[in-house]
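The primary structure of each chain is shown beneath.
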Amino acid sequence: MCQHQPTCPSAEATDREAAKAIACFPEQGWSLLCNGVIVFEDTGELLPDGSSIAPHRGPARHALAA
């Protein structure tokens, strides 16, 4: 699917979020990567096989200061 050189990580790779975005919809909070993964602004992901990955961002910086 990816035409970039070097090719982007596959949807199965652990670094799949490093693929280039081919469509961005910031007003809706998601982007489509060239490997077929949809990434959401909350860091959740929808993989091409229909499986999902729960959001995995760390705590907010202000929460760490408390």
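Since the model is a prediction, treat every value here as computed from it, not as a measurement.

Draft legend 1. Molecular detail of the overall build of the protein chain. From N to C terminus, the protein chain includes one helix and five strands. Secondary structure elements of the protein chain occur, N-terminal to C-terminal, as β-β-β-β-β-α. The long-range share in the protein chain, meaning contacts at least 24 apart out of those at least 6 apart in sequence, stands at 19%. When the accessible surface of the protein chain is split by element, carbon and sulfur atoms take 57% of a total near 4,800 Å².

Draft legend 2. Seen up close, the pairing of strand 1 (residues 21–25). Pairing of strand 1 with strand 2 (residues 30–33), which is carried by four bridges, proceeds in the antiparallel orientation. Looking at the pairing, Cys24 lines up with Ser31 of strand 2. Hairpin connection between strand 1 and strand 2: a loop of four residues separates the two successive antiparallel strands, and Gly29 in this loop has a positive phi of roughly 85°.

Draft legend 3. Quick peek at the pattern of salt bridges. Under the defined criterion, the tally for this structure stands at one salt bridge. Across the salt bridge formed by Arg16 and Glu45, the nearest N and O atoms sit 2.8 Å from each other. Residue Arg16 is found in the segment before strand 1, and its partner Glu45 is found in strand 4 (residues 45–46); the two are separated by 29 residues along the sequence. Note on Arg16: relative accessible area 13%, which makes it buried. Given a relative accessible area of 3%, Glu45 falls into the buried group.

Draft legend 4. Expanded view of the pairing of strand 2. Here strand 2 shows a buried face lined by Ser31 and Leu33 and an unburied face lined by Trp30 and Leu32. In this structure, strand 2 lies alongside strand 3 (residues 38–40), joined through three bridges in antiparallel fashion. Looking across to strand 3, one finds that Trp30 is bridged to Phe40. Once strand 2 ends, the chain turns through four residues before running back antiparallel as strand 3, passing Gly36 with a positive phi of about 90°.

Draft legend 5. Inspection of the sheet that holds strand 5 (residues 52–53) at higher detail. An order of 1-2-3-4-5 is seen for the five strands of this open sheet, with the pairing classed as antiparallel. In this open sheet, the two strands that pair with only one neighbour each are strand 1 and strand 5.

Draft legend 6. Up close: the environment of Phe40. Mapping Phe40 onto the fold places it in strand 3. Separated by 11 residues in the primary sequence, Phe40 and Gly29 place their C-alpha atoms 5.7 Å from one another. Beyond its immediate sequence surroundings of up to four residues, Phe40 is in contact with Gly29, Trp30, Glu45 and Leu46.

The rules behind each value
- Residues numbered from 1 in each chain as written.
- Predicted model: local features only at pLDDT ≥ 70, side-chain atom pairs only at ≥ 80, totals over all residues.
- Heavy atoms only, no water.
- Helix = DSSP H or I, 4+ residues; strand = E, 2+ residues; numbered from the N terminus.
- Contact = heavy atoms within 4.5 Å.
- Areas by Shrake-Rupley, 256 points an atom, 1.4 Å probe, with all protein chains shown as cover.
- Pairing = 2+ DSSP bridges.
- Salt bridge = Lys/Arg side-chain N within 4 Å of Asp/Glu carboxyl O.
- Buried < 20%, exposed > 50% of the residue type's maximum accessible area, 1.4 Å probe, protein only.

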